[in-house]
Amino acid sequence: MSVKIAPSILASDFANLQKEIEMINVSEADYIHVDIMDGVFVPNISFGIPVTEAVNKHAKKPLDVHLMIVNPDQYLEAFKNAGAAIISVHYEACTHLHRTLQGIKQLGCKAGVAINPHTSVELLKDVIMDIDLVCIMSVNPGFGGQKFIENTYAKVKRLKEIIIENGAETEIEIDGGVNESNAPLLRAAGADVLVAGSFVFSSSDPLSTIEKLKKID
Ligand code: DX5
Ligand code: ZN
């Protein structure tokens, strides 16, 4: 299976969102990464349910919704109804993570857990069988265009071991500062999905940038 690419629309032109989604539709991207920020869990506000719904109207790829919000349980159903195929909640925002994961699955979505740079992958061991996707943050969540944190490679390798030791089928996603130099190293460490925001949308030809990332295997 080749690496999956999830362009993050956080870095796209919001005034031309339909055009941006259509570009992703015809690209080799696998998911559309949708970053939801509430101004509480992270020091920034992005967009919410109506925008996700609008994106979904044009999207031909599954929506990979990354909830950077407190109390995610309160909004799971709304994001499912807005079109989410994968919903990732933050480990740091969930007191009863196991319950939240079951809630996501009951809605018929894939259940993801995102972890901040300071959060150890070891903390996921006891719930790994319940997680469809772990999103390892390779920057502090809240903004696009930040510098990739090098310690991420070690986290990917260790998480891959945990997944194999348990016979789980969890995908490993990397989010933040992904570019053509770190993508092959992330893939070699065990990453399955690469999120890319500014690397894709700030490039002169986003479509071929997606194809370039897709070909790193
Ligand atoms: C950061 C978001 C990321 C962001 C990635 O809080 O979760 O998905 O859009 O953007 P880049 O690729 O520019 O670091
Ligand atoms: Zn994200």
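Every chain begins its residue count from 1, and numbering advances along the sequence as written. Chain A is the first chain written and ligand 1 is the first ligand written, with later ones labelled in order. Since the coordinates come from a predicted model, pLDDT governs what is reported: local features require at least 70, and pairs of side-chain atoms require 80 or more to be given and counted, while whole-chain, interface and lining totals use all residues.

1. A closer look at the pairing of strand β7 (residues 171-175)
In the case of a regular strand, side chains alternate between the two sheet surfaces. Residues are called buried when their C-beta atom has 20 or more other C-beta atoms within 10 Å, exposed when it has 12 or fewer, and partly exposed otherwise; all C-beta atoms are positioned from the backbone. The secondary structure listing takes helices from DSSP runs of H or I that are at least 4 residues long and strands from runs of E that are at least 2 residues long, numbered from the N terminus. Within β7, 4 of the 5 residues are buried, which leaves it mostly tucked inside the rest of the structure. The definition of a right-handed crossover adopted here requires that, viewed with the strands pointing away, the path from the first strand over the helix to the second runs clockwise. A crossover connection joins strand β6 (residues 133-137) to the parallel β7 through helix α5 (residues 152-166); in handedness this β-α-β unit is right-handed. Bridge count for β7 against strand β8 (residues 193-196) is 3 bridges, and the pairing is parallel. If you follow Glu173 over to β8, its bridge partner there is Val193. Handedness of the β7-helix α6 (residues 183-189)-β8 crossover: right-handed. In this description, strands pair whenever DSSP reports at least two bridges between them.

2. A closer look at the UniProt feature "binding site: a divalent metal cation" (unreviewed entry) in the protein
Taken from the UniProt record, the annotation "binding site: a divalent metal cation" (unreviewed entry) applies to His33, Asp35, His66 and Asp175. Taken along the chain, the residues just named run across 143 residues; in space they keep tight, none of their C-alpha pairs more than 10.5 Å apart. Note on placement: His33 falls in strand β2 (residues 32-37). For His33, the contacting residues outside a window of four places in its chain are Ala6, Pro7, Ser8, Ile9, Asp64, His66 and Val195. Take His66: it is sitting in strand β3 (residues 63-68). A count of 28 C-beta atoms within 10 Å places His66 in the buried class. Residues are defined as contacting one another if the C-beta atoms placed from their backbone atoms lie within 7 Å. Aside from chain neighbours lying at most four places away, what touches His66 is His33, Val34, Asp35, Ile36, Ser88, Ala114, Cys135 and Asp175. UniProt positions are given in the numbering used here, feature names are shortened, and annotations may be inferred rather than shown by experiment.

3. Things to note about the site of ligand 1
In this text, near has one meaning. A residue is near a molecule or strand if its C-beta atom, placed using the backbone, is within 6 Å of it. Every one of the 22 residues lining ligand 1 counts as a neighbour, but Ser8, Pro141, Gly144, Gly197 and Ser198 are closest to it. Taken together, the elements giving at least two residues each to the shell around ligand 1 come down to β2, β8 and α7 (198-201). All amino acids are sorted into three groups, where Ala, Val, Leu, Ile, Met, Phe, Trp, Tyr, Cys and Pro are nonpolar, Asp, Glu, Lys and Arg are charged, and the leftover types, Gly among them, are polar. When grouped by side-chain class, the residues that make up the shell around ligand 1 number 9 nonpolar, 11 polar and 2 charged.

4. With respect to helix α4 (residues 97-106)
The set of residues buried in α4 consists of Leu97, Thr100, Leu101 and Ile104. Seen along its axis, α4 keeps its buried residues to an arc of 100°; they face one direction. Turned more than 90 degrees away from the buried face of α4 sit His98, Arg99 and Gln106, all of them exposed. Those residues of α4 that are buried are in contact with α3 (76-82), β4 (84-90) and β5 (110-115). Of the residues one or two after α4, Gly108 is the one with positive phi, at around 90°. It is the directions from the helix axis to the C-beta atoms whose arc is reported.

5. Concerning the confidence of the model for the protein
Reading fine detail from the predicted coordinates is not recommended where pLDDT is low. Averaged over all residues, the pLDDT of the protein equals 98, while 100% of them reach at least 70. Listed scores for the predicted complex are pTM 0.98 and ipTM 0.99. For every residue, the predictor assigns a confidence score, pLDDT, that lies between 0 and 100.

6. Focus on the sheet that holds β3
Sheet architecture is open: 8 strands sit in the order β1-β8-β7-β6-β5-β4-β3-β2, paired in parallel fashion. In the strand order of this sheet, the two ends are held by β1 (4-7) and β2, each with one partner. With strand direction ignored, the average angle separating the axes of adjacent strands in the sheet is 25°. Lying over the sheet, helix α8 (residues 206-214) contacts β1 and β8, oriented at roughly 150° with respect to β1. Helix axes are fitted only over the stretch in contact, all axes being lines through C-alpha atoms; the angle between N-to-C directions runs from 0 to 180 degrees.

7. Thoughts on unusual backbone geometry
Despite not being glycine, Asn71 has its phi angle at roughly 45°, a positive value. Locating Asn71 in the fold gives a position in the loop between β3 and α3.

8. Observations regarding the nonpolar core
Note on soluble globular proteins: their nonpolar side chains tend to be buried together. Among buried residues, those of type Ala, Val, Leu, Ile, Met, Phe, Trp, Tyr and Cys that are joined through C-beta atoms within 7 Å form a set called a nonpolar core. Counting 66 residues, the largest nonpolar core has Ile32, Val65, Ile87, Val113, Val134, Ile136 and Leu194 as its most contacted members. Element by element, the count of residues in this core is highest for β6, at 5 residues. Excluding residues that lie within four positions of it along the chain, Leu194 makes contacts with Val3, Ile5, Ala6, Ile174, Val178, Ala183, Leu186 and Leu213.

9. Focus on helix α1 (residues 17-26)
Of the positions making up α1, those classed as buried are Glu20, Ile21 and Ile24. Relative to the axis of α1, the buried residues are bounded by an arc of 100° and lie together on one face. Away from its buried face, by an angle of more than 90 degrees, α1 presents the exposed residues Gln18, Lys19 and Val26. Next to the buried residues of α1 lie β1, β2 and α2 (49-58).

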